[in-house]
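Commentary on secondary and tertiary structure
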Amino acid sequence: MLEPDAFGLVALAGVVVAFLQIFITQSFGVALVQRKDLTDAHLDTGFWISLATGLALFAGLWLLAAPIARAADQPEIAPVLAWLALSLPINALANVPTAVLMRDMRFKPLALRSTVSVIVGGVAGVAMALAGFGVWSLVGQQLVGAAVGVAALWTATQWRPGRNISRACFKDLAGFSAGVLGNNILWFFSQRLDHLIIGVGLGPVALGVYFIAYRLVSLVLDLLTSPLQSVALPWFSQKQDDKPGLRAAYTRGTRLACLSMFPLFVGLWAVGDIVTPLVFGSKWIDSGPIVAALAIAAAIRAAQTFVNPAMLAIGRPGLYLAILAGHVAWTAGAMAIAFDRGAIGVAWAVGAASAITGVVNAVALKLLINYRLRDHLSLVARPALAAALMGIAVRAIVVSMPANFPDILTTIIAVIAGVVIYAALAVALCRTAVRDMLDVALGVAGRSSRPADHESSRIAPSPDQPGKPGEHTLAAAP
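Residues numbered from 1 in each chain as written. Predicted model: local features only at pLDDT ≥ 70, side-chain atom pairs only at ≥ 80, totals over all residues. Heavy atoms only, no water.

Turning our attention to the overall build of the protein. Along the protein, the regular secondary structure elements total 18 helices and zero strands. Per-residue burial for the protein yields a buried fraction of 47% across its 478 residues. Taking as baseline every contact in the protein between residues at least 6 positions apart, the subset at least 24 positions apart corresponds to 81%. Put simply, the protein shows about 22400 Å² of open surface, and 67% of that area lies on carbon and sulfur atoms. (Helix = DSSP H or I, 4+ residues; strand = E, 2+ residues; numbered from the N terminus. Buried < 20%, exposed > 50% of the residue type's maximum accessible area, 1.4 Å probe, protein only. Contact = heavy atoms within 4.5 Å. Areas by Shrake-Rupley, 256 points an atom, 1.4 Å probe, with all protein chains shown as cover.)

In the contact formed by helix α11 (residues 243-280) and helix α17 (residues 407-429), the axes pass within 10 Å of each other and the chain directions differ by 165°. Taken together, the axes of α11 and α17 are roughly antiparallel relative to one another. As for the relative orientation of α11 and α17, their crossing is right-handed in sense. Contact residues: α11 offers Cys258, Leu259, Pro263, Val271, Ile274, Val275 and Leu278, while α17 offers Asp407, Ile408, Thr410, Thr411, Ala414, Tyr422 and Ala426. Split into classes, the residues belonging to the contact of α11 with α17 amount to eleven nonpolar, two polar and one charged. (Axes fitted to C-alpha atoms, helices over the stretch in contact; angles between N-to-C directions. Parallel < 35°, antiparallel > 145°, perpendicular 65-115°, else oblique. Left-handed = near helix turned anticlockwise from the far one by under 90°. Nonpolar A, V, L, I, M, F, W, Y, C, P; charged D, E, K, R; others polar.)

With that settled, the discussion passes to a nonpolar patch on the surface. A cluster of nonpolar side chains, contributed by Leu278, Val279, Phe280, Ile408, Leu409, Ile412, Ile413, Ile416 and Val420, occupies part of the molecular surface with about 780 Å² of accessible area. Elements that contribute at least two residues to the nonpolar patch include exactly α11 and α17. If one sorts the elements of the nonpolar patch by residue count, α17 sits on top with six residues. By the secondary structure assignment, Val420 is in helix α17. (Patch = residues over 30% accessible without salt bridge, like charges linked within 9 Å, V, L, I, M, F, W, Y side chains within 5 Å. Salt bridge = Lys/Arg side-chain N within 4 Å of Asp/Glu carboxyl O.)

Our next topic: the side chain of Asp436. Along the chain, the position of Asp436 falls in helix α18 (residues 431-444). A residue is classified by how much of its surface remains accessible, and Asp436, at 1% relative accessible area, is buried. A polar contact is formed between the side chain of Asp436 and the side chain of Arg255, at a distance of 2.6 Å. (Polar contact = N/O pair within 3.5 Å; in protein donor to acceptor, adjacent residues only side chain to side chain.)

What follows covers the nonpolar core. Formed by 102 residues in total, the largest nonpolar core has its most connected members in Tyr210, Phe236, Tyr250, Phe265, Val271, Ile290 and Leu294. Considering each element in turn, this core owes the most residues, 15 residues, to α11. Within the second largest apolar cluster, 17 residues are counted, among which are Ile90, Leu101, Leu110 and Trp154. (Core = buried A, V, L, I, M, F, W, Y, C linked by side-chain atoms within 4.5 Å.)

So, about the packing of aromatic side chains. Aromatic ring pairs are described here by two measures, namely the spacing of the ring centres and the angle between the planes. Following the criterion strictly, the structure yields eleven aromatic pairs and no others. The interplanar angle of 50° and the centroid separation of 5.4 Å between the aromatic rings of Phe19 and Phe188 together place this pair among those described as tilted. With Phe19 in helix α1 (residues 4-25) and Phe188 in helix α9 (residues 167-202), this pair connects stretches of sequence that are 169 residues apart. Members of the aromatic cluster, each reached through a chain of ring pairs, are Phe19, Phe23, Phe188 and Phe189. (Phe/Tyr/Trp six-rings, centres within 6.5 Å; stacked < 30°, edge-to-face > 60°.)

This next bit is on helix α6 (residues 95-103). α6 sits mainly inside the fold: seven of its nine residues count as buried. Downstream of α6 by a residue or two, Met105 has a phi angle that is positive, lying close to 60°.

Between its first and last C-alpha atoms helix α3 (residues 40-71) spans 43 Å; for 32 residues at 1.5 Å apiece the expected length is 46 Å, and the two agree. Leu64 marks where α3 bends most, by close to 55°; the proline Pro67 follows one to four residues later. Positive backbone phi, approximately 60°, marks Asp73, located one or two places after α3. (Expected span 1.5 Å × (residues − 1). Bend = angle between axes of the 7 residues up to and from the residue.)

Relative orientation of the contacting elements helix α16 (residues 373-400) and α17 amounts to 150°, with a least axis distance of 9 Å. For the element pair α16 / α17, the angle class is roughly antiparallel. For the element pair α16 and α17, the recorded crossing hand is right-handed. Contacts between α16 and α17 involve Arg382, Pro383, Leu385, Ala386, Ala387, Leu389, Met390, Ala393, Val394, Ile397 and Val398 from the first element and Thr410, Ile413, Ala414, Ala417, Gly418, Ile421, Tyr422, Leu425, Ala426 and Leu429 from the second. Within the contact of α16 with α17, the residues separate by chemical class into 18 nonpolar, two polar and one charged.

Right, let's get into unusual backbone geometry. Its identity is not glycine, yet Asn370 carries a phi of approximately 55°, on the positive side. Residue position: Asn370 is located in the loop between α15 (343-369) and α16.

According to the stated counting rule, one finds six salt bridges in the structure shown. Measuring nitrogen to oxygen at the nearest pair gives 2.8 Å for the salt bridge that ties Arg372 to Asp375. The structure contains a network of salt bridges with shared partners spanning Arg252, Arg255, Asp436 and Asp439.

What follows is about the confidence of the model for the protein. Averaged over the protein, the pLDDT score is 82; the fraction of residues at 70 or greater is 87%. Low confidence marks residues 448-478, where pLDDT is under 50. Its contacts with residues over four positions away, or in another chain, come to 58 contacts. (pLDDT = per-residue confidence, 0-100.)

Now for the environment of Glu3. Counting through the fold element by element, Glu3 comes out in the segment before α1. Of the residues examined, Glu3 reaches a relative accessible area of 43% and is grouped as partly exposed. Measuring from C-alpha to C-alpha, the distance between Glu3 and Val209 comes to 9.4 Å, with 206 residues separating the pair along the chain. Within polar-contact distance, the side chain of Glu3 engages the side chain of Lys283 at 3.2 Å.

The next subject is the environment of Val205. Tracing the backbone shows Val205 in helix α10 (residues 204-238). Among the residues examined, Val205 registers a relative accessible area of 47% and is labelled partly exposed. For the pair Val205 and Leu9, spaced 196 residues apart in sequence, the C-alpha to C-alpha distance is 8.1 Å. Those residues in contact with Val205, other than ones at most four positions away along the chain, are Pro4 and Asp5.

Written out as structure tokens, the structure is:
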């Protein structure tokens, strides 16, 4: 119901709001969860400081919305930016209740909060769009969703703020938060730099077209990688003094990630130009080539799923931070080179930067855990070859279809052909990975009995170190 420029305006304003949000949700909240000895004074201090920060940032952004819009040469985002600023104090109210629930391992209310806020916010946004509110439908969606999410959190926890604000507690929390904040700022720019460059340099229409493609690909990537990374970190941490075991765990995890994710993203590259307008409508046809480019970038990132958990497990977060800073630098350079080609050039620059980071990560793993570069390459090469051959075949099917052939039927045929072709190629080229995948599937069903060998040992307790109740394996990730 909305045009690309509406999404572009909100996406550009969202870059500013999301950056300021880091100073609220990604500092004290993490410190409260991490802290071993937590008192009521820590919670009260964290709450009131977070709320005060949120109110101050809201007031500042409300006053500076027009100057920021003029500086970006996009004056029409000023009112959008001013109203989206309301989300800052609203989300500040959720900071400490979220930390309390996480410390208590009560993830169900957190998941419920996310689900309810998305549903109610979505209903509000659609209703406003039907009523003709245009871009304000997207603003309303975010504000309503944030408010409902906060209400759900406060209903789920019995904690209520007191007045016990302590300078000593503030120093305790701030000391830990400083390092977390620096890491998250770098991560923010590594993820949002493309939005900022396209929005300021090419305008809201181009950003709207790019944003839809970005969200489609990043949603798939995040859904696949985030649970695996969460499961991998504790298991890698248990093997931090056992480098052969850590290498074996990293090998098996990366092998499974490549086998399962490469065909998804390469397949999305092959059918992106017909799937995007099919799902979102003909006005988004220009997003199709961007989906294809970002899908290749996502495949490259998928191969690096377990790099961060491995570095954190052996106590080298500083090295990861340095590589992240480098990633921001060469991403900016690649985008500057490709900017003349527009949003599609920026999308391919994201993939090129991810490839450079992959090489740097491989070298770092060689130095940290003696993971040979040859092994790293062979680990990725076979599933990459199988996915590439499948992608070429699927693409040939797509382009060979008559012009008047329905896109929905083309998509169905392409998907079925892709599944069959990749399955055959995977069995022929990636037998070890396929055996691992089948073992994981059987493990999920509780029927796996194949003993782990050194080369492909499970990311799980070894036989002489049986798992404790509540511990997870990679097989439990789904």
